[in-house]
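If you want the building blocks of each chain, they are given just below.
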Protein chains: 4
Amino acid sequence: MVKSKQELIYEATLSLIEDNYQLTQIKVGDIAKKANIGKGTIYEYFDSKEEVISEAIAYMIKGWVQELEDILEENEGFEKSFRSILRNIFPMMEKKQQIFMGFLMLSKSSENSVDSLHKLMEKNNEDIQKKLLHLYEKIVDKSLEEGIINEKPDLFDWYFAVNSAIMCVLIYEDQFANQKVFSRNVEYSQEEIVEKAYGTFVKLLG
Amino acid sequence: MVKSKQELIYEATLSLIEDNYQLTQIKVGDIAKKANIGKGTIYEYFDSKEEVISEAIAYMIKGWVQELEDILEENEGFEKSFRSILRNIFPMMEKKQQIFMGFLMLSKSSENSVDSLHKLMEKNNEDIQKKLLHLYEKIVDKSLEEGIINEKPDLFDWYFAVNSAIMCVLIYEDQFANQKVFSRNVEYSQEEIVEKAYGTFVKLLG
Amino acid sequence: MVKSKQELIYEATLSLIEDNYQLTQIKVGDIAKKANIGKGTIYEYFDSKEEVISEAIAYMIKGWVQELEDILEENEGFEKSFRSILRNIFPMMEKKQQIFMGFLMLSKSSENSVDSLHKLMEKNNEDIQKKLLHLYEKIVDKSLEEGIINEKPDLFDWYFAVNSAIMCVLIYEDQFANQKVFSRNVEYSQEEIVEKAYGTFVKLLG
Amino acid sequence: MVKSKQELIYEATLSLIEDNYQLTQIKVGDIAKKANIGKGTIYEYFDSKEEVISEAIAYMIKGWVQELEDILEENEGFEKSFRSILRNIFPMMEKKQQIFMGFLMLSKSSENSVDSLHKLMEKNNEDIQKKLLHLYEKIVDKSLEEGIINEKPDLFDWYFAVNSAIMCVLIYEDQFANQKVFSRNVEYSQEEIVEKAYGTFVKLLG
DNA sequence: AATGAATGAGCTTTCATTCAT
DNA sequence: TATGAATGAAAGCTCATTCAT
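Note that the coordinates shown come from a computational prediction; the quantities given were computed from them, not determined experimentally.

Engineer: I would appreciate a short explanation of the domain arrangement of chain A in the present structure.
Structural biologist: Interface size, as often reported, equals the accessible area lost upon joining of the parts. All names here are of chain A. Taken domain by domain, chain A comprises domain 1 (1–46) and domain 2 (52–205). On the domain 2 side, the residues contacting the 17 residues of domain 1 number 14 residues. Together, the buried faces of domain 1 and domain 2 total about 1,400 Å²; carbon and sulfur atoms form 70% of this surface. In this assembly, domain 1 and domain 2 are joined by 0 salt bridges. Top contributing element to the side of domain 1 that touches domain 2 by residue count: helix H1 (residues 5–18), with 8 residues. In terms of residue class, the side of domain 1 that touches domain 2 is made up of 10 nonpolar, 4 polar and 3 charged.

Engineer: I would appreciate a short explanation of the protein's contact with DNA strand F in the present structure.
Structural biologist: Around DNA strand F sit 31 residues, and of these Thr41 and Tyr45 of chain A, Thr41 of chain C together with Lys39 and Tyr43 of chain D come closest. Considering DNA strand F, the proportion of its atoms within 4 Å of the protein that are sugar or phosphate atoms stands at 69%. For DNA strand F, a base nitrogen lies 3.2 Å from a polar atom in the backbone of Gly40 of chain A. Within the residue set of the surface near DNA strand F, elements represented by two or more residues are helix H3 (39–45) of chain A, helix H3 (39–45) of chain B, helix H3 (39–45) of chain C together with helix H3 (39–45) of chain D. Split into classes, the residues belonging to the surface near DNA strand F amount to 10 nonpolar, 9 polar and 12 charged.

Engineer: Explain the packing of aromatic side chains to me, please; I cannot follow it from the model alone.
Structural biologist: Each aromatic ring pair is characterised by the separation of its centres together with the angle its planes make. Tallied over the full model, the rule gives 56 aromatic pairs over all chains. When the centroid spacing of 5.1 Å and the interplanar angle of 70 degrees are considered together, the rings of Phe176 of chain A and Tyr159 of chain B count as edge-to-face. Note that Phe176 of chain A is positioned in helix H7 (residues 155–176) and Tyr159 of chain B in helix H7 (residues 155–176), a pairing that runs across two chains. With respect to class, Phe176 of chain A is no different from Tyr159 of chain B; both count as buried. Connected via pairs of aromatic rings, a cluster forms that spans Tyr136, Phe156, Tyr159 and Phe160 of chain A together with Tyr172, Phe176 and Tyr188 of chain B. The residue whose ring lies beneath Arg83 of chain A is Tyr198 of chain A, and the NZ or CZ to ring-centre distance is 4.7 Å.

Engineer: Sorry if this is basic, but what is going on with the protein's contact with DNA strand E here?
Structural biologist: Taken together, the neighbourhood of DNA strand E is formed by 30 residues, with Tyr43 of chain A, Thr41 and Tyr45 of chain B together with Thr41 and Tyr45 of chain D sitting nearest. Each atom of DNA strand E within 4 Å of the protein was assigned to sugar, phosphate or base; sugar and phosphate come to 69%. In this structure, Val28 of chain A approaches DNA strand E through a main-chain N or O atom, which is 3.3 Å from a phosphate oxygen. Interatomic distance of 3.1 Å between a side-chain N/O atom of Lys27 of chain C and a phosphate oxygen of DNA strand E.

Engineer: Even after reading the chapter, I still don't get the UniProt feature "domain: HTH tetR-type" (unreviewed entry) in chain A, so can you show me in this structure?
Structural biologist: When the UniProt feature table is mapped onto this chain numbering, "domain: HTH tetR-type" (unreviewed entry) sits at residues 3–64 of chain A. The span residues 3–64 of chain A shows a helical share of 73% and a strand share of 0%, and its end C-alpha atoms are spaced 19 Å apart.

Engineer: When you look at the UniProt feature "DNA-binding region" (unreviewed entry) in chain A in this model, what are you seeing that I'm missing?
Structural biologist: Mapped onto this structure's residue numbering, the UniProt feature "DNA-binding region" (unreviewed entry) falls at residues 27–46 of chain A. With 75% helix and 0% strand, residues 27–46 of chain A has end C-alpha atoms that lie 14 Å from one another.

Engineer: How should I be thinking about the packing of H7 of chain A against helix H8 (residues 190–205) of chain A in this particular structure?
Structural biologist: Between two packed helices, what matters for the description is the angle formed by their axes and the separation of those axes. Residues and elements named next belong to chain A. Here H7 crosses H8 at 160 degrees, and the two axes come no closer than 9 Å. Looking at the two axes, H7 sits roughly antiparallel to H8. At the point where H7 passes H8, the crossing takes the right-handed sense. Together, Asp157, Trp158, Phe160, Ala161, Val162, Ser164, Ala165, Cys168, Val169 and Tyr172 of H7 and Ile193, Lys196, Ala197, Thr200, Phe201, Leu204 and Leu205 of H8 make up the contact between the two elements. Considering only residue class, the contact of H7 with H8 consists of 13 nonpolar, 2 polar and 2 charged.

Reading the values: rules and limits
Residues numbered from 1 in each chain as written. Chains lettered and ligands numbered in written order. Predicted model: local features only at pLDDT ≥ 70, side-chain atom pairs only at ≥ 80, totals over all residues. Heavy atoms only, no water. Domains from an automatic or database assignment. Contact = heavy atoms within 4.5 Å. Buried area = accessible area lost by both parts, 1.4 Å probe. Salt bridge = Lys/Arg side-chain N within 4 Å of Asp/Glu carboxyl O. Helix = DSSP H or I, 4+ residues; strand = E, 2+ residues; numbered from the N terminus. Nonpolar A, V, L, I, M, F, W, Y, C, P; charged D, E, K, R; others polar. Near = heavy atom within 4 Å. Polar contact = N/O pair within 3.5 Å; in protein donor to acceptor, adjacent residues only side chain to side chain. Phe/Tyr/Trp six-rings, centres within 6.5 Å; stacked < 30°, edge-to-face > 60°. Buried < 20%, exposed > 50% of the residue type's maximum accessible area, 1.4 Å probe, protein only. Lys NZ or Arg CZ within 6 Å of the ring centre and 35° of its normal. UniProt positions renumbered as here; feature names shortened; annotations may be inferred. Axes fitted to C-alpha atoms, helices over the stretch in contact; angles between N-to-C directions. Parallel < 35°, antiparallel > 145°, perpendicular 65-115°, else oblique. Left-handed = near helix turned anticlockwise from the far one by under 90°.

Right under this line is the structure:
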């Protein structure tokens, strides 16, 4: 299938983010160059640089959330599904940590922001937050069905529990993996971290 | 006591951040205006705008960590101290969420960053991370002394536990307080959240 | 009769001018949209945007001059004809004042102009100027025939006299009609202005 | 006396207009180069390119009107003064015809204009128009005092009379001087044109 | 030491023009 | 013949930094 120009532009943008550009210093010219198209072409499809970036990110995140939902749909048991989800966080983290963490914490912080990039992102944020919350709830409901937890806790509590499990992976990857902490290597296998993460959920809600 | 020029500049910068400027769009001119000094003066004390911002942030965070350590030093019991720490997160969040969350997740993400602001921040990050880890460990050690937990867990585990407790406050403030989630208000009192946060630590390590 | 593509393009262009676009900010895309044709099509018939605009204007002016000449051809007496011409200036002014005034003063001013639109216009100017002069002369000759004036004055004098009569209408419409001048309304009926304009010619040459 | 930066910028702009740039295609970079200053400097003194150009023109015109008023103040008799004014039009025309004619016809034409340059000009136009009208009235009043005309005509009539006299000079310079019209040279001396122009005023109001 | 006027590199965006279909 | 997606040169404007005072 031929990629639409939009997708081409999204992917060029995301690949710049992978190259560790900070969002705010991505240049339209860079995107065009990566995508092998003219600068002007970008403006045929988007109204501004900010729109390109914010939509590219939304595009990526929606993809991620979808991937994780697909895992749930496979109708394996809760534990298997959730562990599989956690395991899938690793490759997602690989290159796009900032975005990943940023969006897990999609926040009202930029509410009064003067920055137009952030203003535009908020338009997508609500939608993404909804999708994410929906995914979290599916996870929780599955654990309920299987009796892993006995009774559905408050919204905040189950949100925080799922989030913490995922955070476990993120924090490990972001701050411990391949690094010395207190001059000590703190290395675990991926499977060990998944174990800890899964355990976090159970401890918090079980 | 007379404020040093540096401090004057730090505070002007931080006050801009409180005004919800995105880091990357703070202008040297704005800082100078806030500080009531000339633009040129800033360059007598710093080599670049990036240096000003990153050091201002480091200055703020070190202050925060110090404040939290001071609470521990007051030699109240563990539970009282830790709850007091958690309670102190709220005002810190108030205006500087982005920074706060950003630094809790001080990460290797910007490792290869093209962005010079982030490059400079890393110089301070290691130092700050060390201070933070140190604070976390003091917390954990205190809980050990009092038998709240029985045996010192692995570095990653205790780090994650303290971090999760703090995250509980952050996530509540950032994503639930004063907002509808799933069209529902999910309001808790500050004390209820402190309760949940403290409980998180206990559940994870207890 | 089917309109030629060229005419279609001229009319789209002129209608943009009526909409009060400044000449220099008319976009090829706007013309194409107005004309309901593709942008590329315009370049099948014209070499550049400037050519389109300058020829559209020439097309319009030649039309005007022709209209005025037709009035003279009707073989009414001089006074009736000239008054009729003056009366016909009003609707011409309506929407295209800038053009109208610009062309009455078609000038050598743009002689060394760097601007390519004006360079191209000059190609048409000479032709239009000739037509206009010819019209003026016909008017003067008619007045001679009827003894309104006794003897044919110098070229500059009769040109200036006809021009002043027309200017009388233009200046009234452009600067007095529907406006306060010195905080006073200075309103005349169209017929009163025609009277003044006609009188101007007679006073200057009679 | 040292020229203010503003004046420097005005003069650079006006000198570009003398070089026959069309207003709309003057580049900020050109102005800066002419003025021997950096592009950025211009934005220290003006908010936009349009502001620079429109204020430069207003600056020039106010200068002209002042020059002509000064002549009236010299308290020579009417005829001498008015002829002197007319004589002074020639050098003003020399290089800035477009502007000169444009402003004599300062018009409501651009009222609904989409073009921001013209929008800004209008802010100055009213002021300039007032000054011009004031000058015209002084001329007329002087002619009244000396009995050149018997009774003060209507506003429109005296405005049109003075304007026509000036137009006589302008049209001669713009369309006849140094040009062939109908293949004939139509050359007059400057003094002959002043004679015709003065005569126009007298014929129209006398 | 402190300043802020001056700078110009570097950015986003526009739009006339081309050309494959 | 007609098209409009693609282009990239060109322009306005911003702002970190310098440096004469």
